[in-house]
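Structural overview for review
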Amino acid sequence: MDFLKSGSTTSSSPTDMSAQKELIKDQVRNEIAMANAQALVNKMTESCYAKCITKPSTSLGSSDETCLSRCMERYMEAFNVVSKTYVDRMARERESARSSLP
């Protein structure tokens, strides 16, 4: 990445620098999204395991599988509802802030 080198003899235009900054921001957003998804899966696994697996063994019984499946579905449904509500709220707040500007 040339833009990180100090004393570089080639200069980038402001447009190039802006594009590079946006690319880095996108990469950071993607990394954060991946970390959040991993945290969600870990939390869901821990919660559903604690709820559904009362007697750990080398294999899952059908009732354990059913419980895990339902638990994970409910967990994801709840996450999706909360996530959608949050995104909608942020969009409304952003729009409200834009409309209040002179």
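Cut-offs used in this document
Residues numbered from 1 in each chain as written. Predicted model: local features only at pLDDT ≥ 70, side-chain atom pairs only at ≥ 80, totals over all residues. Heavy atoms only, no water. Helix = DSSP H or I, 4+ residues; strand = E, 2+ residues; numbered from the N terminus. Buried < 20%, exposed > 50% of the residue type's maximum accessible area, 1.4 Å probe, protein only. Expected span 1.5 Å × (residues − 1). Contact = heavy atoms within 4.5 Å. Core = buried A, V, L, I, M, F, W, Y, C linked by side-chain atoms within 4.5 Å. Axes fitted to C-alpha atoms, helices over the stretch in contact; angles between N-to-C directions. Parallel < 35°, antiparallel > 145°, perpendicular 65-115°, else oblique. Left-handed = near helix turned anticlockwise from the far one by under 90°. Nonpolar A, V, L, I, M, F, W, Y, C, P; charged D, E, K, R; others polar.

Helix and strand counts for the protein chain stand at 2 helices and 0 strands. Out of the 102 residues belonging to the protein chain, those deemed buried represent 8%.

Now for helix α1 (residues 14–52). Taking 1.5 Å as the rise per residue, α1 with 39 residues should run 57 Å; its terminal C-alpha atoms sit 56 Å apart, in good agreement. All buried positions along α1 are accounted for by Leu40, Met44, Cys48 and Cys52. Elements in contact with the buried residues of α1: α2 (62–99).

Our next topic: the nonpolar core. Membership of the largest hydrophobic core is limited to 6 residues, which are Met44, Cys48, Cys52, Ile53, Leu68 and Cys71. Those elements that place two or more of their residues in this core are α1 and α2.

Orientation of α1 relative to α2, taken along the N-to-C sense of each, is 140 degrees, at an axis distance of 9 Å. One finds that α1 runs oblique with respect to α2. When the axes of α1 and α2 are compared, the crossing they make is right-handed. Packed against α1, whose contacting residues are Leu40, Lys43, Met44, Ser47, Cys48, Tyr49, Lys51 and Cys52, the element α2 presents Asp64, Cys67, Leu68, Cys71, Met72, Arg74, Tyr75, Met76 and Phe79 at the interface. Residue composition of the contact of α1 with α2, grouped by class: 12 nonpolar, 1 polar and 4 charged.

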